[in-house]
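Each chain is listed here by its residues.
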Amino acid sequence: MHEGSKIVAGRLHRFALAVATLVAAGTIGASASAQGDEVRVVMVASTDSPVAGEEFQVQVEVRQTAGQPGLLQEPSFAPLRITGTTGVRHMQSFQQVFGQAPVIEIRTVVGYTILADQPGVFTIPPAIYRMGRRSISSEPLVLKVGGTAVAPSGAVPSATATTAGNFDNYAFLRATVDRTDPYVGQQVTYTLYLYKRVDGHVDMQRQPSTDDFWVQDLLGPHRQPPPELQVVQGQRFEVHVIRRLALFPTRAGSLEIGSAAIDIDTTSGFAIFGGNRELLTRESPVIRIDARPLPAGAPSGTIVGHVVLDARLDRNSAQTGRALALTVVVRGDGLLRDASITPPIIDGLRFEAPAVQDRVDTPNDLVGGERSFTWQVIPLRAGTFTIPPLGLSVFDPRTARLESMTSQALTFTATGAAVVDDAPVADEPDEPEDEPAEADNIRFGPAARHAEMRRRVAPFHARAWFPFALLGAPLLAVLAWTLRFTRAGLAAMRERLAARPSPKRHRRDAKRALSASDPAAFYAAVAALLHQALGDALGERTIGMTHSTLRELLQLRGDDDLAGRVVDELDAADFARFSSSGASTDEMQRTLDRADALVARISSLPRAEAKP
Amino acid sequence: MTRLLTILLALLVGASSASADSLDERFDRALRALDAQHPAEAARELHRLVGLGIDDPDVYVNLGIAEAESYRYGEAMVAFERALSLRPSDDVARAGLDNAETMLARRRADESGGTATVEGPRTLASFGRAFPEPVASFGTLGAAYAAALALAALAFVRRESLRLALGTTAVVAALLLGTFGVALAGRARYGGLLAPGIVVTDEAEVRTAPDARAPRVATFREGERLDVLSRHGAFYRVATHGRPRGFVARRAIGTY
């Protein structure tokens, strides 16, 4: 009872100690955490007396221990200009004493290179560091700029008629077009820029609407230009081109390129530990285009741009009824997909529907390329045929002139008998549901002209016999090796059995020798029979033992009579093996009977453990 | 009796010949529709052929072309995949598949305002597609028996030179068995997979249960590849990388 009380007291003591340790650790942790919430924002200038026209540095430093990383809101330096920025954020983790959780210190240093164009006293408002809902501010910075005024410099996006942007201190979208009064079918290059000073994932929320334009994207996935740096209203921005489109007005009048919208997710990576998502949404302004109509008399399918035509035949002679290939290539710049050429009607020739291929190139963001028309021309009778120049109406927007471009005339000869024109009546093609513009330069086919019409059959591996057939292979190998081991095992067993001495075998040998009247073999078998029986009884081989030793061994077993008889019988057998008197069959039979009696007595001896 | 048998035989022969004509006619009709730029009509005819049990690579190639020219690139991808499954060396089908994927990626990029790529089939499935099914099946069987016979012979042969030859044969056969076996595994869709699939509609909603009213957990877009795990009425249970498993309406998925 007394021992039990001591044990309980000891356990209570240890429990109290553990609780005290936990409370202490918690206190230290809480204290560290309380200290960790401290954030310090300091803004300093590299000089107290900067001079107009000379650059100087302003540095904003944020030190933060624990808490989530925040966002530094840059102070407005206007009318001073920022000509350069450097930024760095260090994160350092160090261990508290007593093995508490590590504390992370975040140190953010942003340096600004500032240029004042005129002297004066300027107050830079505090730099603000936002941590979720908390804002920590630095002291404002008062700068007394000396010297004399200098002319301002620096690129600011012009506010021309073709440019529109909603300036914002952190990020804004700017859209430009290279012309606002194009002709119908003339290219207008629209570029959407993103100006940003914050890091974050940019997500396009809305594309600019281009309902009255045919659109060609000029920026493929591998043609994104690298961002540039630009200073706008004294602030340094990273400028990304996020859209560049070639727009071709499809009708005359006032057209609109709609507003694009993006989201910039500035949420820190640490937000996975909690915290608010910080999303900046920006929209680009709408741009209006006044599209001019083509001059009166411009036929449908007029190309606005510059093109040349080239026509060729694949050969100059053909059999009647056999097709020649007539190819006309329209090459140049402009919206060539509008190009359409009508083949002439020539008596004795049949023109099949053309195969049209397009290749769109955009060198220097100018859409062009080539469109080729290939007709299968079938001569229906013999003779020499001339395909007249094929023409296309082209409007040059620079000279505002409409002209007709033509290919050269082509001549070929057809020979053979006249054939009947059995062309099927062409019907209207299917109207595509929603034809994407990009489908033009990708072709599918050619279609197979013949099919064997194979029926669906179950695959071989799914047929019932397949697993069994597959299983047969390993079974075959296993069977072969089992057989091999079985055979080897049987042979070894047979060998072992054959090698193992047996009294019965010796007696059988003796009987066989008796029948054959072979005294030497008989007495050898009798001796072996006795030795085998002795060996089994005594646990050691007796062959080779002197008879006196054998006698002693048997006497030690307490049977002197047996010892004498066995030794006598062995002596007699040894003698008889080399003596002719032992050859009598009766004597041999009697010897065998005696040996049997001795074996029986030896077998009744207590067994000894076998010796190696 | 003999007369009756003769009539029956004639009827059977006539019926089979009529059926063959009908299939060829359908194929020709589809071809003419394709030539005349009626891809939707061609696709309808070719779908009918497939519905009649035709499993021919040329039919699938033309179906893929017809679907692609109708701007149904998901359906086109399924058709080209089926053609490639039957004839892996078909260049037209391979180019068609690549083009359909490119067109879908472009469309997606235009819609999302960024670049987009279409994920290719899984590695195992691609490898499985590298061999026609009979080659993969009989290659596996042949290699298995070659290896087994060589091993079996090794059990009895004592001549050293012969044993060396048998050992080499066994190793080579085992390598071939591995190659054909992996290809067959890719084709046979082991691992509980019913079939690889492709989304053929603009969007396919993944739901938590095979019920159109069940909560939606993800959305697939046309051309996205997924693994069809099992069939549940009008729904497939599907899985793909990086998305939760769920149930998608069967009409939105094409399997190959």
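Residues numbered from 1 in each chain as written. Chains lettered and ligands numbered in written order. Predicted model: local features only at pLDDT ≥ 70, side-chain atom pairs only at ≥ 80, totals over all residues. Heavy atoms only, no water.

### Concerning the overall build of chain B
When you go through chain B residue by residue, the secondary structure sums to eight helices and seven strands. The proportion of buried residues among the 256 residues of chain B is 47%. Put simply, of all contacts in chain B between residues at least 6 apart along the chain, 57% involve residues at least 24 apart. When the accessible area of chain B is evaluated, it comes to approximately 12,200 Å², of which 59% is carbon and sulfur surface. (Helix = DSSP H or I, 4+ residues; strand = E, 2+ residues; numbered from the N terminus. Buried < 20%, exposed > 50% of the residue type's maximum accessible area, 1.4 Å probe, protein only. Contact = heavy atoms within 4.5 Å. Areas by Shrake-Rupley, 256 points an atom, 1.4 Å probe, with all protein chains shown as cover.)

### So, the overall build of chain A
Of the regular secondary structure elements, chain A holds seven helices and 31 strands. For chain A, the residues scored as buried account for 37% of the 612 residues in total. Across chain A, the fraction of contacts at a sequence separation of at least 24, relative to all contacts at a separation of at least 6, is 71%. Carbon together with sulfur atoms contributes 55% to the accessible area of chain A, which is approximately 34,200 Å² in total.

### Quick word on the packing of aromatic side chains
Each aromatic ring pair is summarised here by two numbers: the centre-to-centre distance and the angle between the ring planes. For the structure shown, the criterion picks out 16 aromatic pairs over all chains. Relative to Phe80 of chain B, the ring of Phe444 of chain A has its centre 6.3 Å away and its plane inclined at 5°; by these criteria the two rings are stacked. You can see Phe444 of chain A sitting in the loop between strand 31 (410-415) and helix 2 (465-499) and its partner Phe80 of chain B sitting in helix 4 (residues 73-86), one on each of two chains. Side by side, Phe444 of chain A and Phe80 of chain B carry an identical accessibility label, which is buried. Ring geometry for Phe522 of chain A and Tyr523 of chain A: centres 5.0 Å apart, planes at 80°, overall edge-to-face. Accessibility assignment for this pair places Phe522 of chain A and Tyr523 of chain A in one class, buried. What links up through ring pairs into an aromatic cluster is the set Phe172, Tyr193, Tyr195 and Phe237 of chain A. Positioned above the aromatic ring of Tyr183 of chain A, the side-chain terminus of Arg292 of chain A is 4.2 Å from the ring centre. (Phe/Tyr/Trp six-rings, centres within 6.5 Å; stacked < 30°, edge-to-face > 60°. Lys NZ or Arg CZ within 6 Å of the ring centre and 35° of its normal.)

### Section: unusual backbone geometry
The backbone of Ala400 of chain A shows a phi angle near 55°, a positive value even though the residue is not glycine. If you trace the backbone, Ala400 of chain A turns up in the loop between strand 29 (391-396) and strand 30 (401-406). Owing to a relative accessible area of 38%, Ala400 of chain A belongs among the partly exposed residues under this scheme. With a phi close to 60°, Gln37 of chain B is a non-glycine residue in the positive phi region. If you trace the backbone, Gln37 of chain B turns up in the loop between helix 1 (2-35) and helix 2 (39-51).

### A word on the sheet that holds strand 21 (residues 303-304) of chain A
Residues and elements named next belong to chain A. Ordered in space as 21-29-30, the three strands form an open sheet in which the pairing is mixed. What marks the edges here is a single partner per strand, and that holds for strand 21 and strand 30. The pairing of strand 29 with strand 30 spans six bridges and is antiparallel. Residue pairing in the sheet places Asp396 in a bridge with Arg401 of strand 30. (Pairing = 2+ DSSP bridges.)

### Observations concerning the interface of chain A and chain B
Counting residues at the interface gives 49 residues for chain A and 66 residues for chain B. Both sides of the chain A and chain B interface together cover about 4,600 Å² of buried area, and 61% of this is carbon and sulfur. For chain A, the biggest contributors to the area lost against chain B are Phe444, Met453 and Arg456 of chain A; these three give 17% of the whole. Scanning the region where chain A abuts chain B turns up one salt bridge. Here Asp35 of chain B and Arg449 of chain A are joined by a salt bridge, their closest N and O atoms 2.8 Å apart. Between chain A and chain B we count 13 residue pairs in polar contact (both at pLDDT 80 or more) in total. Here the element with the most residues in the side of chain A that touches chain B is helix 2 of chain A; it accounts for 14 residues. The residue inventory of the side of chain A that touches chain B, partitioned by class, reads 26 nonpolar, six polar and 17 charged. (Buried area = accessible area lost by both parts, 1.4 Å probe. Salt bridge = Lys/Arg side-chain N within 4 Å of Asp/Glu carboxyl O. Polar contact = N/O pair within 3.5 Å; in protein donor to acceptor, adjacent residues only side chain to side chain. Nonpolar A, V, L, I, M, F, W, Y, C, P; charged D, E, K, R; others polar.)

### Things to note about helix 4 (residues 519-538) of chain A
Helical periodicity: at 3.6 residues per turn, an α-helix aligns residues three or four positions apart in one direction. Residues and elements named next belong to chain A. Taking 1.5 Å per residue, 20 residues should reach 28 Å; helix 4 reaches 28 Å between its end C-alpha atoms and fits that length. Judged by how many residues are buried, helix 4 sits mostly within the fold: 15 of 20 residues are covered. Of the residues flanking the end of helix 4, it is Gly539, one or two places downstream, whose phi is positive at about 80°. (Expected span 1.5 Å × (residues − 1).)

### Observations concerning the pattern of salt bridges
The full count for this structure, using the stated rule, is 34 salt bridges over all chains. In this structure, Arg87 of chain B engages Asp90 of chain B in a salt bridge whose closest nitrogen and oxygen atoms are separated by 2.8 Å. A salt bridge links Glu205 of chain B to Arg207 of chain B, with the shortest nitrogen-to-oxygen separation between them at 2.6 Å. Each of Arg331, Arg359, Asp361 and Glu370 of chain A takes part in a single network of salt bridges with overlapping partners.

### Concerning the side chain of Glu133 of chain B
Note that Glu133 of chain B resides in helix 7 (residues 133-154). Classification of Glu133 of chain B by relative accessible area gives buried; the value is 10%. Within the local environment of Glu133 of chain B, its side chain forms a polar contact with the backbone nitrogen of Phe460 of chain A, the two atoms lying 3.0 Å apart. Within polar-contact distance, the side chain of Glu133 of chain B engages the side chain of Ser137 of chain B at 2.6 Å.

### Let's talk about the confidence of the model for chain A
Residues and elements named next belong to chain A. When pLDDT is averaged along chain A, the result is 77, and 78% of the positions lie at 70 or above. The low-confidence segment residues 153-162, where pLDDT is below 50, has 20 contacts with residues more than four positions distant or belonging to other chains. Note on residues 423-439: pLDDT under 50 across the span, and 29 contacts to partners over four residues away in sequence or across chains. (pLDDT = per-residue confidence, 0-100.)

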